[in-house]
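Structural description and commentary
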Amino acid sequence: MKVTVSRKAHFNAAHRLYRKDWSFEKNESVFGKCNNANFHGHNYDLTVSVTGEIDPETGYVIDIKELADLIYQEVEVAFDHKNLNLDVPEFADLNPTAENIAVVIWNKLKPRLKPEFGLEVVLYETPRNFVSYKGN
Ligand code: NI
């Protein structure tokens with residue numbers, strides 16, 4: 001019997017979508033306003049879901065406090081009030097799209113959880129635009 005436990009989190013961050021190896025015009029045509037040279041911000045909403053068996057002793061799949069602390073350390077401390085392109089090493093050469101941010105978050109959290117746990121990351125860049133990644 002597998003149960004999914006989810007925790008929501010939030011961070012504000014700035015980014016710019018562009019490729020250094022493309023001309024400004026090509027970046028502008030592909031990324032539009034997101035190529036703004038002086039960056040722009042988003043209020044990101046994150047849901048992290050862990051799926052696993054219920055521990056018969058505690059009745060928990062995972063202690064939600066432990067999950068909250070993990071998200072705080074790996075995501076909020078690393079990304080909140082940061083410029084993703086300039087301040088976060090993972091995005092030095094990786095476009096900080098919602099897709100790539102979700103994958104980076106998943107890659108940071110996965111090794112910190114029991115290997116048998118399933119992990120899904122859902123990242124909202126705006127209230128209507130969101131992406132999800134389960135590690136496939
Ligand atoms: Ni953007």
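Refer to the structure printed above.
Reading guide: rules and limits
- Residues numbered from 1 in each chain as written.
- Predicted model: local features only at pLDDT ≥ 70, side-chain atom pairs only at ≥ 80, totals over all residues.
- Heavy atoms only, no water.
- Core = buried A, V, L, I, M, F, W, Y, C linked by side-chain atoms within 4.5 Å.
- Buried < 20%, exposed > 50% of the residue type's maximum accessible area, 1.4 Å probe, protein only.
- Helix = DSSP H or I, 4+ residues; strand = E, 2+ residues; numbered from the N terminus.
- Contact = heavy atoms within 4.5 Å.
- Pairing = 2+ DSSP bridges.
- Salt bridge = Lys/Arg side-chain N within 4 Å of Asp/Glu carboxyl O.
- 1 Å grid on protein atoms, 1.4 Å probe; cavity = no way out; pocket = protein on both sides within 12 Å on 5 of 7 lines; lining within 4 Å.
- Points joined across faces, edges and corners; volume = space filled by probe spheres on them.
- Expected span 1.5 Å × (residues − 1).
- Polar contact = N/O pair within 3.5 Å; in protein donor to acceptor, adjacent residues only side chain to side chain.

1. Some words on the nonpolar core
Ranked by size, the top nonpolar core spans 33 residues in total, and within it F11, L46, F79, I101, I105 and L123 carry the most contacts. Secondary structure elements with two or more residues in this core: β1 (2-15), β2 (40-53), α2 (64-79), α4 (98-109), β4 (118-124) and β5 (130-133). Ignoring sequence-local partners within four residues, the contact set of F79 consists of F11, N12, A13, L84, V88, F91, I101, V104, I105 and K108.

2. Quick look at the side chain of N95
Along the polypeptide, N95 turns up in the loop between α3 (84-87) and α4. Beyond its immediate stretch of four places on either side in the chain, N95 contacts R16, L17, Y18, F31 and N100.

3. Examining the sheet that holds β5
The strand order β3-β1-β2-β4-β5 describes an open sheet built from 5 strands, whose pairing is mixed. Here the strands that pair on one side only, and so sit at the sheet edges, are β3 (82-83) and β5. Taken together, the 7 bridges between β2 and β4 define a ladder with antiparallel strand orientation. In the strand pairing of β4, V50 is matched with L119.

4. Quick word on the pattern of salt bridges
On inspection of all chains with the given rule, the structure shows 5 salt bridges. For R19, the salt bridge is made with D21, and the minimal N-O distance between the two is 2.9 Å. The class for R19 is partly exposed, based on a relative accessible area of 39%.

5. Comments concerning the layout of surface pockets
Its volume calculated, the largest pocket comes out at about 260 Å³. As for the largest pocket, its lining consists of 14 residues, and the residues nearest its centre are Y18, A92, D93, L94 and N95.

6. Re α2
With 16 residues, α2 extends 21 Å between its outermost C-alpha atoms, agreeing within 8% with the 22 Å of an ideal straight helix rising 1.5 Å per residue. When α2 is considered as a whole, its buried residues turn out to be L67, A68, L70, I71, E74, V75, A78 and F79. Packing partners of the buried residues in α2 comprise β1, β2, β3, α3 and α4. The opening residue of α2, the one whose side-chain oxygen lies 3.0 Å from the backbone nitrogen of K65, is D63.

7. Description of the environment of I62
Checked against the element boundaries, I62 lands in the loop between β2 and α2. You can call I62 buried: its relative accessible area is 7%. Sequence separation between I62 and G52 is 10 residues, and the spatial gap between their C-alpha atoms is 8.2 Å. When neighbours within four sequence positions are excluded, I62 is seen to be in contact with V5, V50, L67, L113 and F117.

8. Side note on the environment of P96
Locating P96 in the fold gives a position in the loop between α3 and α4. You can call P96 buried: its relative accessible area is 1%. Residues P96 and N83, 13 residues apart in the sequence, show an inter-C-alpha distance of 10.0 Å. Excluding anything up to four places from it in sequence, P96 contacts H15, R16, L17, L84, N85, F91 and I101.

9. Regarding the pairing of β2
Consecutive side chains along a regular strand alternate between the two faces of the sheet. The pairing of β1 with β2 spans 14 bridges and is classified as antiparallel. The partner of F11 across the bridge, within β2, is Y44.

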